[in-house]
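Structural characterization, general
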Amino acid sequence: MNMMTTVGAVPSPTHSAKEFLAHETECRSALKPLLDGLIDMAESAGWSRRTAASTLMFLAAQHVSASSGTSESSGS
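Keep in mind it's a predicted model, so treat the numbers as computed, not measured.

Time to look at the overall build of the chain. Along its length, the chain carries two helices and zero strands. Taking all 76 residues of the chain together, 7% fall into the buried category. Counting every atom, the chain has about 6,300 Å² of accessible surface; 63% of that belongs to carbon and sulfur.

What follows is about the pattern of salt bridges. Under the criterion given, the structure shown has three salt bridges. Across the pair glutamate 43 and arginine 49 runs a salt bridge, and its minimum N-O distance is 3.0 Å. Its relative accessible area of 40% is what places glutamate 43 among the partly exposed residues. Residues participating in the shared-partner salt-bridge network are Asp40, Glu43 and Arg49.

Before going further, it helps to examine helix α1 (residues 20-44). Taking 1.5 Å of rise per residue, the 25 residues of α1 would be expected to cover 36 Å, and the 35 Å separating its terminal C-alpha atoms lies within 8% of that figure. At leucine 31, α1 is deflected by roughly 35°, the largest bend along its length, and proline proline 33 occurs up to four residues later in sequence. Listed as buried for α1 are Ala30, Leu34, Ile39 and Ala42. Phi turns positive, to about 115°, at glycine 46, one or two residues after α1.

With respect to the helices and strands, the residue cysteine 27 is situated in helix α1. Judged by relative accessible area, which is 40%, cysteine 27 ranks as partly exposed. Put simply, cysteine 27 and proline 13 are 14 residues apart on the chain and 7.1 Å apart in space, counted from C-alpha to C-alpha.

The rules behind each value
- Numbering of residues starts from 1 in each chain and follows the order in which that chain's sequence is written.
- Reporting in this predicted model follows two pLDDT cut-offs: at least 70 for local features of residues, and 80 or more for side-chain atom pairs to be given and counted; totals over whole chains, interfaces and linings ignore these cut-offs and use all residues.
- With hydrogens and water excluded, all non-hydrogen atoms of the structure serve as input to the side-chain values.
- In DSSP terms, a helix is any run of H or I states spanning at least four residues, a strand is any run of E spanning at least two, and both are numbered starting from the N terminus.
- Exposure classes here rest on a 1.4 Å probe applied to the protein chains alone. A residue is buried below 20% of its type maximum, exposed above 50%, and partly exposed in between.
- Method for areas: the Shrake-Rupley scheme with a 1.4 Å probe, in which residue coverage is limited to the protein chains shown.
- Each reported salt bridge corresponds to a side-chain nitrogen of Lys or Arg within 4 Å of a carboxyl oxygen of Asp or Glu.
- Every helix has an expected span of 1.5 Å times one less than the residues it contains.
- To get the bend at any residue, fit one axis to the seven residues that end at it and another to the seven that begin at it, then take the angle between the two axes.

As structure tokens, then:
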């Protein structure tokens, strides 16, 4: 299995989380090229872009669900 260990560096935010719209937009801009690269890698490995994208959405939703469960139980 040929697996790339790094996809790239994620730049740090320049907007605080309190600046919600700017912070979210900046995060999208920072992650988009990395996501595009990951989907390109999946396609090169033989997966369809649609399958790769929907799988990433599923994994992201699963991650958010798991994270919210731990933050609720830890009292955060």
